[in-house]
Amino acid sequence: MLTVHYNVSGLVNSESRTKLRNALDKIEGVQEVAVDIARGTVEVEYNPPANPQKIKRCIEHTGYNII
């Protein structure tokens, strides 16, 4: 299993966490999503066909910025 870690701006509450987790869970191959609101981080464990580009696009299309 592979892991990718992003610093994300705009994570403000549990609604943000749920919204982002639900979006990432729709990517085929994503196994685990950990959103840390206090740190502003997202860690995703995945297997192919998921990849860092798909995960990054999903985060951005959900309305958050990767910093």
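Residues numbered from 1 in each chain as written. Predicted model: local features only at pLDDT ≥ 70, side-chain atom pairs only at ≥ 80, totals over all residues. Heavy atoms only, no water.

1. What about the UniProt feature "domain: HMA" (unreviewed entry) in the chain?
Operational definition: UniProt positions are given in the numbering used here, feature names are shortened, and annotations may be inferred rather than shown by experiment. Only runs of H or I of at least four residues qualify as helices and only runs of E of at least two qualify as strands under DSSP, and these elements are numbered from the N terminus.
UniProt annotation of "domain: HMA" (unreviewed entry) refers to residues 2-67 when read in the numbering used here. Segment residues 2-67 splits into 33% helix and 35% strand. End C-alpha atoms: 21 Å apart.

2. A word on the side chain of Ser-16
Selection criterion: We call two residues in contact when some of their heavy atoms are within 4.5 Å.
For Ser-16, the location among the structural elements is in helix α1 (residues 14-25). Discounting residues that sit within four places of it in the chain, Ser-16 has contacts with Gly-10, Leu-11 and Tyr-64.

3. Details of the nonpolar core
Just so we agree on the cut-off: What makes a nonpolar core is a set of buried Ala, Val, Leu, Ile, Met, Phe, Trp, Tyr and Cys residues whose side-chain atoms join them at distances within 4.5 Å. Think of it in three bands: residues with accessible area under 20% of the maximum for their type are buried, residues over 50% are exposed, and the middle band is partly exposed, with areas taken using a 1.4 Å probe on protein chains only.
Leu-20, Leu-24, Val-42, Ile-55 and Ile-59 are the most contacted members of the largest nonpolar core, which totals 19 residues. If sequence neighbours within four positions are ignored, Ile-55 has contacts with Val-4, Tyr-6, Leu-24, Ile-27, Val-44 and Tyr-46.

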